[in-house]
Amino acid sequence: MRVVSVVGARPQFVKLAPIAREFKLRGFDHQVVHTGQHYDVAMSEALFADFTLPPAQFNLGIGSGTHAAQTARIMMELEPIMQELQPDWVLVYGDTNSTLAAALTASKLRLPIAHVEAGLRSFNRDMPEEINRVLTDHASDLLLAPTDTAVKHLAREGLAISTMLVGDVMADICLSVARAVRDVPPPGLKTPDGEFVVATVHRPYNTDDPQRLTRLLAALATIPVPVLLPAHPRLVEKARSARVDLEQGSIIAIPPVTYSQMMFLLTRARAVATDSGGLQKEAYLMSTPCTTIRSETEWVETLSTGWNALCFEDLGALVPTILRPHPVSAHPSLYGDGNAAARIAEALIGASR
Ligand code: UD1
């Protein structure tokens, strides 16, 4: 079985890791195409190294650009590679521009597409990721859904026939890395003594308006314990152009961390504040209270038990929400048993018969 995985942005390297491991065990001919959407060492090679993933067989070197330019450039570079490889499956991951570009290219070539993390919806069309998800799901032949909620969304859009509930590959990798780093700090990371909070901010609606960014950082700066802020390149760039310091008050800005480093931080942090999708779920898996700096989340299951809380419009509520008491409510297993990659391999075999 030949599978081509198309990845390009940091969260996709995380999803690739357990899948690449599983495909190797099963002897699949697995070709990885890295679009180059993320290219800084900390955003790309460092994650491959962390997961001991071999370098991708193909790197398109696309880099940054407008959404249209980035998506179109990926499609143009990808088409001849797909034509040459003629895979049994094109595997696309999540909701980035690399995901949509790969799905469109493969669908035009009539190659079978499977979508890992299908069926997520924020119902916020202002997020480019929401458009990417919806279009990718509708172009795909096999929809690999991580949760019951995702299955329901797909059914509502008439896609039940192609949907399979497989669990969440991010749970596979998160649980195994968390076990590995629980007691042994990964190298290259200095953590504050005592309690601390971890924060990440990278979504355009939090970074691109200088006034909002200034207010958001000012709020984080008042937290009475150190706030470790691994800074995404967009955040660094937007803070510089807004002339606002990342390092202020309690905030300790550090370069982006590796996956193992982040999992270690999550095991130790008092709380997490983030606008990332994946980190909300990882915080849940590690039983660390999370505050999501967005008006909605795709991972709605994390909200009902109080382990995750949204805070967007009213930044005055941000610090009290982050510092709310540790939830004592139930902590059900929401994202599968850590064997999603194996189920995905089975699904690909089953659906290609
Ligand atoms: C992308 C995904 C988002 C995901 C995020 C994870 C889309 C539409 N968005 O957002 O879903 O949550 O990845 O990080 O695909 N940059 C660098 N170095 C890099 C990469 C980016 O400096 O290695 C800077 C560039 O200025 C670039 C900006 O960051 O313009 C944004 O990068 P881009 O890939 O467009 O989107 P992300 O915000 O990373």
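A short tour of the structure in this document, coming up. (Residues numbered from 1 in each chain as written. Predicted model: local features only at pLDDT ≥ 70, side-chain atom pairs only at ≥ 80, totals over all residues. Heavy atoms only, no water.)

**A look at empty space enclosed by the protein**
Here's step 1: Under the counting rule described, the total for this entry stands at 1 cavity of 30 Å³ or more.
Here's step 2: There is about 40 Å³ of room inside the largest cavity.
Here's step 3: Lining the largest cavity are V116, E117, L144, A145, P146, V166, G167, D168, V169 and I344. (1 Å grid on protein atoms, 1.4 Å probe; cavity = no way out; pocket = protein on both sides within 12 Å on 5 of 7 lines; lining within 4 Å. Points joined across faces, edges and corners; volume = space filled by probe spheres on them.)

**Topic: the sheet that holds strand β3 (residues 58-59)**
Here's step 1: As summarised here, the arrangement of the 7 strands in space is β3-β2-β1-β4-β5-β6-β7, forming an open sheet in which the pairing is parallel. Since the sheet does not close on itself, it has two edges, and those belong to β3 and β7 (163-165), each with one partner.
Here's step 2: Two strands pair when backbone bridges link them, and strand β5 (residues 113-116) and strand β6 (residues 142-145) are joined in this way by 3 bridges, in the parallel orientation. Paired with V116 across the two strands is L144, which belongs to β6.
Here's step 3: Those strands touched by helix α4 (residues 97-108) are β1 (2-7), β4 (89-93) and β5, and its axis lies near 160 degrees from that of β4. (Pairing = 2+ DSSP bridges. Helix = DSSP H or I, 4+ residues; strand = E, 2+ residues; numbered from the N terminus. Contact = heavy atoms within 4.5 Å. Axes fitted to C-alpha atoms, helices over the stretch in contact; angles between N-to-C directions.)

**Focus: the site of the ligand**
Here's step 1: In the neighbourhood of the ligand, 20 residues make up the surrounding shell, with Q37, H38, N97, E129 and R234 lying closest.
Here's step 2: Within the contact set of the ligand, an oxygen atom lies 2.7 Å away from a side-chain nitrogen or oxygen of H38.
Here's step 3: Elements that contribute at least two residues to the shell around the ligand include exactly α3 (67-85) and α10 (233-241).
Here's step 4: With 3 residues, α10 is the largest single contributor of residues to the shell around the ligand.
Here's step 5: Considering only residue class, the shell around the ligand consists of 5 nonpolar, 9 polar and 6 charged. (Near = heavy atom within 4 Å. Polar contact = N/O pair within 3.5 Å; in protein donor to acceptor, adjacent residues only side chain to side chain. Nonpolar A, V, L, I, M, F, W, Y, C, P; charged D, E, K, R; others polar.)

**Some thoughts on the packing of helix α1 (residues 10-25) against helix α15 (residues 340-351)**
Here's step 1: The geometry of α1 relative to α15 is characterised by a closest axis approach of 9 Å and an angle of 55 degrees between their N-to-C directions. With respect to α15, the axis of α1 lies oblique. Pair α1 / α15 crosses with right-handed handedness. Here P18, I19, E22 and F23 of α1 come into contact with α15, specifically with A341, A342, I344, A345 and L348. (Parallel < 35°, antiparallel > 145°, perpendicular 65-115°, else oblique. Left-handed = near helix turned anticlockwise from the far one by under 90°.)

**Section: the state of the cysteines**
Here's step 1: One pass over the full model with this rule turns up 0 disulfides.
Here's step 2: Of all cysteine sulfurs in the structure, the one in C311 sits closest to C290, which takes part in no disulfide; the separation is 12 Å.
Here's step 3: C290 gets classed as buried once you look at its relative accessible area, which sits at 1%. (Disulfide = S-S within 2.5 Å. Buried < 20%, exposed > 50% of the residue type's maximum accessible area, 1.4 Å probe, protein only.)

**As for the pattern of salt bridges**
Here's step 1: The full count for this structure, using the stated rule, is 17 salt bridges.
Here's step 2: Here E296 ties to R294 by a salt bridge, and the two come within 3.3 Å at their closest N and O atoms.
Here's step 3: Assessed through its relative accessible area of 0%, R294 is described here as buried.
Here's step 4: By sharing partners, the salt bridges in this structure join D95, E130, R133, R294, E296 and E298 into a single network. (Salt bridge = Lys/Arg side-chain N within 4 Å of Asp/Glu carboxyl O.)

**Structural notes on the pairing of strand β8 (residues 197-200)**
Here's step 1: Along β8, one buried face is formed by V197 and A199 and the opposite face, lined by V198 and T200, is buried too.
Here's step 2: Bridge analysis of β8 against strand β9 (residues 227-230) gives 2 bridges, and the strand direction is parallel. Paired with V197 across the bridge in β9 is V227.
Here's step 3: Note: β8 against strand β11 (residues 271-274), 4 bridges, orientation parallel. Bridge pairing in β11 places V198 opposite V272.

**Describing the environment of Y93**
Here's step 1: Among the secondary structure elements, Y93 is positioned in strand β4.
Here's step 2: Among the residues examined, Y93 registers a relative accessible area of 0% and is labelled buried.
Here's step 3: Sequence separation of Y93 and H153 is 60 residues, and the distance between their C-alpha atoms is 17 Å.

**What to know about the packing of aromatic side chains**
Here's step 1: Scanning the entire structure with this criterion turns up 6 aromatic pairs.
Here's step 2: Note on W299 and Y335: the rings are 5.5 Å apart at their centroids and 80 degrees apart in plane angle, and the pair reads as edge-to-face. Taken together, the residues span a long stretch of sequence, with W299 in the loop between β12 (290-292) and α13 (301-304) and Y335 in the loop between α14 (318-322) and α15 at a distance of 36 residues.
Here's step 3: With a relative accessible area of 1%, Y335 lands in the buried category.
Here's step 4: One aromatic cluster is present, built from ring pairs that chain together Y284, W299 and Y335. (Phe/Tyr/Trp six-rings, centres within 6.5 Å; stacked < 30°, edge-to-face > 60°.)

**Side note on the nonpolar core**
Here's step 1: Counting residues in hydrophobic clusters, the biggest one holds 68 residues, and the most contacted among them are I19, L91, L144 and M263.
Here's step 2: No other element matches the 8 residues that helix α7 (residues 169-181) contributes to this core.
Here's step 3: Beyond its immediate chain neighbours, meaning those up to four positions away, L91 contacts V3, V4, S5, V6, I19, F23, A114, V116 and L144. (Core = buried A, V, L, I, M, F, W, Y, C linked by side-chain atoms within 4.5 Å.)

**What about the layout of surface pockets?**
Using a probe with the size of a water molecule, rolled over the atoms, empty space left in the structure can be pinpointed.
Here's step 1: Here the second largest pocket is characterised by a volume of approximately 300 Å³.
Here's step 2: A20, R21, K24, L53 and P54 are the residues nearest the centre of the second largest pocket, which is lined by 16 residues in total.
Here's step 3: Those elements giving two or more residues to the lining of the second largest pocket turn out to be α1 and β2 (29-34).
Here's step 4: It is α1 that contributes the most residues to the lining of the second largest pocket, 6 residues altogether.
Here's step 5: Here the lining of the second largest pocket is built from residues that sort into 11 nonpolar, 3 polar and 2 charged.

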